[in-house]
Protein chains: 2
Amino acid sequence: MIGTQTTDKQNAMNETSPVCKTFNKNDSAKEFVPTANLDDVSEYQDLFEEFGASFVPKEKSLKSLIHDMCVEEESEDAFYIVDLSKVVRQMLQWKAYLPRVTPFYAIKCNPSPAIMRIVEAMGGGFDCASKQEIGAAALLLKGENDKRIIYANPCKLPSHMRYARGAGVEMVTVDNEDELHKIKKHWPDAKVIIRIVTDDSHSVCRFSSKFGAQIKDCNHLVSVCRELDLNLTGISFHVGSGCFNEIAFVQAITCAREVFDIAERHGFKLSLLDIGGGFPGITEEGKPSFIQIANAIRDLLDELFPVDQVQIIAEPGRYYACASHTLVTHIFARRKVHKINPEDDGSDYLYYINDGVYQSFNCLLFDHAEIKSVRSIDMSEDFEDGTGNEQTGPKLKSTIFGPTCDSMDCIVKGIDLPVLDLGDVLYFPDFGAYTVAASSAFNGFKTVIMKYIWKN
Amino acid sequence: MIGTQTTDKQNAMNETSPVCKTFNKNDSAKEFVPTANLDDVSEYQDLFEEFGASFVPKEKSLKSLIHDMCVEEESEDAFYIVDLSKVVRQMLQWKAYLPRVTPFYAIKCNPSPAIMRIVEAMGGGFDCASKQEIGAAALLLKGENDKRIIYANPCKLPSHMRYARGAGVEMVTVDNEDELHKIKKHWPDAKVIIRIVTDDSHSVCRFSSKFGAQIKDCNHLVSVCRELDLNLTGISFHVGSGCFNEIAFVQAITCAREVFDIAERHGFKLSLLDIGGGFPGITEEGKPSFIQIANAIRDLLDELFPVDQVQIIAEPGRYYACASHTLVTHIFARRKVHKINPEDDGSDYLYYINDGVYQSFNCLLFDHAEIKSVRSIDMSEDFEDGTGNEQTGPKLKSTIFGPTCDSMDCIVKGIDLPVLDLGDVLYFPDFGAYTVAASSAFNGFKTVIMKYIWKN
Ligand SMILES: Cc1ncc(COP(=O)(O)O)c(C=O)c1O
Ligand SMILES: Cc1ncc(COP(=O)(O)O)c(C=O)c1O
């Protein structure tokens, strides 16, 4: 598809060119139809049972499931429903659409032991950002740390580097000269992977201000690897989290090829390409789906990186974690606002739920997440499955707060909702990425209960 | 001092007046000189030893102490130095300047077992926001929960209310009608304290959008207490954290008096005033000191709330925690930015330290903190105590990042610093309030090491 665009070596050597060649979207990409069944997960039942996951029939709606769980439990603690079959299906889809690319799950996104175990059992590896994450991955892998862990934090503490080396990890990303000297000192036999910057202007979370070597600096970095006699092995990038455009991947892959060529001119034969994270976990309007990204890069990878010479890996995080988790909270307090003037701005009702921006909703501050709609369950009524018990009645401007004593702990302001009651449930599907991972226990609150399920 | 301003009952009953009478700063306040020695803490040595605190002579500078600790340890983990004598001195100062007001330490600010133990040993109580915090306080108090714990979260989970009741807690704040019905159901014998809103426009963290009953609604709330036969006991407020003006306290105290009068008209004789938190832990330019606030309210409290009839408590958090903690971090990675044009905006050096906005520096996002200056220690040179080893040389625009893979994890941008080296130390004094308390373990990083010291 993009085969007419060959790598421009002249351009690669042009030390001041900040961004590599720009590709245009190619709509004539041939359609790719996977042959495997991506829906049946029955053969993974043992894996689900390891975590005591309950089987839930396909027909059962999420809403009705949550209703039943809340009625049974009588507890009012917030909890997560973790659908393990979704993680398996994501892996099946990955293997079907990008068979050549081994996913190294970015643990930072959600260090769930269940997600990690499924990734491990299905042949994936782990992207670790610290000693602690390496420890967690190593515990699962039992001896394949050399091949299935990449220490993908370009800026590392020396003590963490020594720990990684001691644990048998081999692959590590680097993006600056000081770091190469640290590698020489603390981990001279590491397989060094240079992380390059990409044009991340199409992503929600842009990493290039903090990480990544400029293409114009790569010649120098490669020569430092040569001087220090380091084992330069590959190139990586990260297009940024929440990528708006599959062209970002195409561009970054092409840049990586240019740096492969630079390395070759210094006598290095690189054997690893790491295409990073940024693959969406759900399909969002205005953003490419995983399948669109896969279709845009599948052939390009083979073209630029010969199958028999280069291993390709990726570092997906949200792709695995996002859809697997649904957060279930309770309205435990409520305030009717007595407006002096009914025309007043501001909400008519304030609700307080038992998870907030200091806990799972930290994604509102850190991951640019936004709560656009709120799903509620009226717990006072009998639940009719199928239709669900939709709250009816007029909708009023409502504000939802988290449980802490801080007024910044606000989840959404001025959203239209029917009048809800104490004890009603609010739930948030697709809530597994960058939520629990950076949750604190501020004010003593933290959602820790995980209820595992699987569907088929 | 403010004695000429009597409470205006007419105004209190004016249901639409949102804010109570405004006072003007009175500069002629008579000077108050405490008689006790507020500096010698030797009699608390046993308490310091409980936590294995090392004695550090007064003359030893913080910088030199940190240097020695880092040299001795060889570890590069970030840590806190916790000066327990500062907590004791804050308590001595409190008792001297506000002898009538019992401080209930707001655990949420920093649930340090050491701070809590000192507060407990010196006769303070605890402001708890959740079941978890009540559990921690109860463990220390061993049986005085009725008098020394206030459950000061106006919006409570029913299960937490039942827990509090079971633990013998009696005092609880409430600010809306739904909550009064919850109290009736789950905790009918509680000592109910109505939290009122205050004019918090002078505070950095403004709470009135989330908590507090409007004065105009108090009449109704009190009558609901009467109907439900609740044990209405007192009034509380919270002027907001980081208060810019002691007048905020004066106004709030006056409002509280008005609500006392409202309650009286309903036949309630209130016996508790809770003046909340918001007392500064350090003196900051443009903000009143603790002593200024104390001087502004001491006589007023006696005037409006007869000593023999009303017990007065407060909920200071940062006052105790702020200055006690110093965060010590290491520069573990560095990047020299190759500017194409030396005139380019942006930093010349990027530094990476082992604590960031997902950990202790969450205060940058949540507590409106700002890093205005950075203190560094050159670890490559011999340390000359007295002068300190000031880094010299030209200052360059520098950016300091936290350790995680997120580019939002940035502590300060474009600050002028000498060129620092890998292994150099950056330290942050007065870092105990709203730092560790809401720290997460994102990417596997979390500062957990506490080194206790005391000085005399
Ligand atoms: C180096 C690296 N790899 C992978 C990821 C995962 O990104 P995503 O969850 O968007 O796939 C991140 C996210 O911060 C990252 O920093
Ligand atoms: C109800 C309540 N009391 C006391 C405090 C402590 O405030 P400070 O640390 O500013 O004294 C807070 C802070 O959030 C609070 O919400």
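Because the structure is a prediction, the values reported are computed rather than measured. (Residues numbered from 1 in each chain as written. Chains lettered and ligands numbered in written order. Predicted model: local features only at pLDDT ≥ 70, side-chain atom pairs only at ≥ 80, totals over all residues. Heavy atoms only, no water.)

Visitor: Go over the site of ligand 1 with me, naming the residues and quoting the values.
Guide: In the vicinity of ligand 1 lie 16 residues, with S241, G278, E315, R318 and Y434 of chain A positioned nearest. One chain alone does not account for the residues near ligand 1; they come from chains A and B. For ligand 1, an oxygen atom lies 2.8 Å from a polar atom in the backbone of R318 of chain A. A distance of 2.6 Å separates an oxygen atom of ligand 1 from a polar side-chain atom of Y434 of chain A. Within the complex, 98% of the 400 Å² of free accessible area of ligand 1 lies under protein. In the shell around ligand 1, the residues fall into six nonpolar, five polar and five charged. (Near = heavy atom within 4 Å. Polar contact = N/O pair within 3.5 Å; in protein donor to acceptor, adjacent residues only side chain to side chain. Areas by Shrake-Rupley, 256 points an atom, 1.4 Å probe, with all protein chains shown as cover. Nonpolar A, V, L, I, M, F, W, Y, C, P; charged D, E, K, R; others polar.)

Visitor: Outline helix α9 (residues 177-186) of chain A, supporting the account with residue identities and numerical values.
Guide: Residues spaced three or four apart along an α-helix face the same direction, because each turn holds 3.6 residues. Looking only at α9 of chain A, the buried set comprises D178, E179, L180, K182, I183 and H186 of chain A. Those residues of α9 of chain A that are buried lie in contact with α8 (158-166), β6 (171-174), β7 (191-195) and α10 (215-227) of chain A together with β13 (325-336) of chain B. Near the N-terminus of α9 of chain A, the side chain that reaches the backbone nitrogen of D178 of chain A, with its oxygen 3.2 Å away, is that of N176 of chain A. (Buried < 20%, exposed > 50% of the residue type's maximum accessible area, 1.4 Å probe, protein only. Helix = DSSP H or I, 4+ residues; strand = E, 2+ residues; numbered from the N terminus. Contact = heavy atoms within 4.5 Å.)

Visitor: Requested: an account of the sheet that holds strand β4 (residues 125-128) of chain B, with residues and values cited.
Guide: Residue and element names in this part refer to chain B. Pairing is parallel in the closed barrel, where eight strands are placed in the order β3-β4-β5-β6-β7-β9-β11-β12. Recorded for the sheet is a direction-independent mean angle of 30° between the axes of neighbouring strands. Both strand β6 (residues 171-174) and strand β7 (residues 191-195) contribute to a ladder of four bridges, which runs parallel. In the sheet register, T173 faces β7, and the bridge partner there is I193. On the sheet, helix α9 (residues 177-186) packs against β6 and β7 and is oriented at approximately 150° with respect to β6. (Pairing = 2+ DSSP bridges. Axes fitted to C-alpha atoms, helices over the stretch in contact; angles between N-to-C directions.)

Visitor: Go over the side chain of S324 of chain B with me, naming the residues and quoting the values.
Guide: All names here are of chain B. By the secondary structure assignment, S324 is in the loop between α13 (318-321) and β13. Looking at S324, its side chain comes within polar contact range of the main-chain oxygen of A321, at 2.7 Å. When neighbours within four sequence positions are excluded, S324 is seen to be in contact with I81, V82, D83, K86, V87 and I115.

Visitor: Run through the UniProt feature "active site" (unreviewed entry) in chain A, naming residues and quoting values.
Guide: Mapped onto this numbering, the UniProt entry gives "active site" (unreviewed entry) at C405 of chain A. One can find C405 of chain A in the loop between β16 (396-401) and β17 (410-417). Take C405 of chain A: its relative accessible area is 7%, and that puts it in the buried class. Those residues in contact with C405 of chain A that lie beyond four places of it in its chain are N443 of chain A together with K108, A129, A152, N153, F207 and F211 of chain B. (UniProt positions renumbered as here; feature names shortened; annotations may be inferred.)

Visitor: Account for the interface of chain A and chain B, naming residues and giving values.
Guide: Size of an interface, as often reported, equals the accessible area lost when the parts are brought together. Contact with chain A, which involves 61 residues of that partner, is made by 62 residues of chain B. For the pair chain A and chain B, the summed buried area comes to about 5,400 Å², and 60% of that belongs to carbon and sulfur atoms. Area buried by chain A at its contact with chain B is led by K210, F366 and C405 of chain A, which between them contribute 15% of it. One can count six salt bridges joining chain A with chain B. Close ionic contact of R335 of chain A with D175 of chain B constitutes a salt bridge, the shortest N to O distance being 2.7 Å. The tally of links from chain A across to chain B stands at 26 residue pairs in polar contact (both at pLDDT 80 or more). Listing elements by their share of the side of chain A that touches chain B, those giving two or more residues are α6 (131-141), α8, α9, α10, β13 (325-336), β14 (349-353) and α14 (363-366) of chain A. Of the residues forming the side of chain A that touches chain B, the biggest block, four residues, is contributed by β13 of chain A. Among the residues forming the side of chain A that touches chain B, the class breakdown is 27 nonpolar, 18 polar and 16 charged. (Buried area = accessible area lost by both parts, 1.4 Å probe. Salt bridge = Lys/Arg side-chain N within 4 Å of Asp/Glu carboxyl O.)

Visitor: Give a description of the relation of the copies chain A and chain B that names residues and reports values.
Guide: Two copies of the chain are present, and they differ by a rotation about an axis and a shift along that axis. Aligned on chain B, chain A shows an RMSD of 0.0 Å; the corresponding rotation is 180° and the shift along the axis is 0.0 Å. Accordingly, the operation relating the two chain copies is best matched by a two-fold axis. Using C-alpha coordinates, one finds that chain A approaches the rotation axis most closely at S440 of chain A, a distance of 2.3 Å. When the interface residues of chain A are mapped onto chain B, 100% of them again lie at the interface, so the same face is used by both copies. (Least-squares fit on C-alpha atoms with pLDDT ≥ 70 in both.)

Visitor: Describe in detail the site of ligand 2, supporting the description with residues and values.
Guide: Not every one of the 16 residues close to ligand 2 is listed here, only the nearest: S241, G278, E315, R318 and Y434 of chain B. More than a single chain frames ligand 2: its nearby residues are located in chains A and B. Within the side chain of H238 of chain B, one N or O atom sits 3.4 Å away from an oxygen atom of ligand 2. A distance of 2.8 Å is found between an oxygen atom of ligand 2 and a backbone nitrogen or oxygen belonging to G278 of chain B. Compared with its free state, where it exposes 400 Å², ligand 2 has 98% of that area covered by protein. Among the residues forming the shell around ligand 2, the class breakdown is six nonpolar, five polar and five charged.

Visitor: Could you give an account of the domain arrangement of chain A, naming the residues involved and the relevant values?
Guide: Residue and element names in this part refer to chain A. For chain A, the assigned domains are domain 1 (100-316) and domain 2 (325-455). Once you take the C-alpha centre of each, domain 1 and domain 2 turn out to be 36 Å apart. In this complex, domain 1 contributes ten residues to the contact, which on the side of domain 2 involves ten residues. With both chains or domains summed, domain 1 and domain 2 bury close to 820 Å², and 61% of this area falls on carbon and sulfur atoms. At the junction of domain 1 and domain 2, the tally comes to zero salt bridges. Along the contact surface separating domain 1 from domain 2 lie three residue pairs in polar contact (both at pLDDT 80 or more). Broken down by class, the residue content of the side of domain 1 that touches domain 2 amounts to seven nonpolar, two polar and one charged. (Domains from an automatic or database assignment.)

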